[in-house]
Each structure stands twice: as structure tokens, then as C-alpha cells.
Amino acid sequence: NLEMIKITPFVESIGDYSFNGCSKLKSIFIPSSVKSIGVCAFLGCFELDNVTFGEVSYLKEIGNRSFSHCINIASIKLPSHLKEISSNLFDGCF
């Protein structure tokens, strides 16, 4: 029944399937310290509509299908340092 998550600073990765199926999740803040987001980390978070990254993000990699079926995300500003984005990152998002 999580609706909002604020990842604490110093966390360096969000693991595979970490928040998979948290269907009530609406908002998440990902701090600058996070360098990678794992496979299917937010898969099926149907209510998710706000993803915010730290101001100077060190995020380098977002895993396959991380935001798949997050149908309420209208827009997202990805950090400029990203080096790897999977081709089906937003699979099933309308």
C-alpha cells in the first residue's frame, strides 16, 4: 500500500523487482547517489505518475522493463549521465 517513496541518500542501486507490483505507488524520489536501477524495479506500478531524480544524478543504467506498465507516467526527465537504457524501459505505457 505504498503511495510515496523517498529513497535515502547514499543508496547506490535499486535492485531487480524492488517495487514490482506496488500498484498504489504514486511518487518516487531517486537521490543523486543511485547509480543503477535494476530489471523490472517498478514494473506494474500502475498509479506511478511522478518520478523525480536528484538534481545532480549519477544514474548510469536503467534495467530492462524498469518502468513497464506504469501507465500513469505522462512524462519523465531522465538524468543526462545515463549510459544505458533498455529498449523496452516503458513497455506497456500508453
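Because the structure is a prediction, the values reported are computed rather than measured. (Residues numbered from 1 in each chain as written. Predicted model: local features only at pLDDT ≥ 70, side-chain atom pairs only at ≥ 80, totals over all residues. Heavy atoms only, no water.)

Chemist: What should I look at first to understand the overall build of the protein in this one?
Modeler: Helix and strand counts for the protein stand at zero helices and seven strands. Shown N-terminal to C-terminal, the secondary structure of the protein runs as helices and strands in the order β-β-β-β-β-β-β. Taken against the 2.2 N^0.38 rule, which gives 12 Å for 94 residues, the C-alpha radius of gyration of the protein at 12 Å falls within 12% of a compact globule. Considering only C-alpha atoms, the protein reaches an extent of 25 × 25 × 20 Å along its principal axes. Burial status across the protein gives 39% buried among its 94 residues. In the protein, of all internal contacts separated by at least 6 residues, the share reaching a separation of at least 24 is 38%. (Helix = DSSP H or I, 4+ residues; strand = E, 2+ residues; numbered from the N terminus. Rg over C-alpha atoms; globule rule 2.2 N^0.38 Å. Buried < 20%, exposed > 50% of the residue type's maximum accessible area, 1.4 Å probe, protein only. Contact = heavy atoms within 4.5 Å.)

Chemist: When you look at a nonpolar patch on the surface in this model, what are you seeing that I'm missing?
Modeler: On the surface, a cluster of nonpolar side chains totalling about 370 Å² of accessible area is made up of F46, I71 and F94. Residue position: F94 is located in the segment after strand 7 (84-85). (Patch = residues over 30% accessible without salt bridge, like charges linked within 9 Å, V, L, I, M, F, W, Y side chains within 5 Å. Areas by Shrake-Rupley, 256 points an atom, 1.4 Å probe, with all protein chains shown as cover. Salt bridge = Lys/Arg side-chain N within 4 Å of Asp/Glu carboxyl O.)

Chemist: Mind showing me how you'd approach the sheet that holds strand 5 (residues 50-53) here?
Modeler: Strand pairs in the sheet, formed through backbone hydrogen bonds, run parallel or antiparallel to each other. Within the open sheet, the three strands sit side by side as 1-3-5. Their pairing is parallel. Both edges of this open sheet fall to strand 1 (4-6) and strand 5, since each of them pairs with a single strand only. Here the average twist between neighbouring strands, direction ignored, is 10 degrees. Sheet topology note: the strand 1/strand 3 (residues 27-30) ladder contains three bridges and is parallel. Each residue of the ladder has a partner; that of K6, found in strand 3, is F29. (Pairing = 2+ DSSP bridges. Axes fitted to C-alpha atoms, helices over the stretch in contact; angles between N-to-C directions.)

Chemist: Whenever I open this one, unusual backbone geometry confuses me. Can you help?
Modeler: Of note in the backbone geometry, Y17 takes a positive phi value of approximately 60 degrees without being a glycine. You can see Y17 is positioned in the loop between strand 2 (13-14) and strand 3. Residue H69 is not a glycine yet carries a positive backbone phi of 65 degrees. On the secondary structure map, H69 appears in the loop between strand 6 (61-62) and strand 7.

Chemist: What is the right way to look at the sheet that holds strand 6 in this model?
Modeler: Strand order across the open sheet formed by four strands is 2-4-6-7, with parallel pairing between neighbours. Taken across any chain shown, the strands that pair with only one partner, and hence form the sheet edges, are strand 2 and strand 7. With two bridges connecting them, strand 4 (residues 36-37) and strand 6 associate as parallel partners. Bridge pairing in strand 6 places S36 opposite E61.

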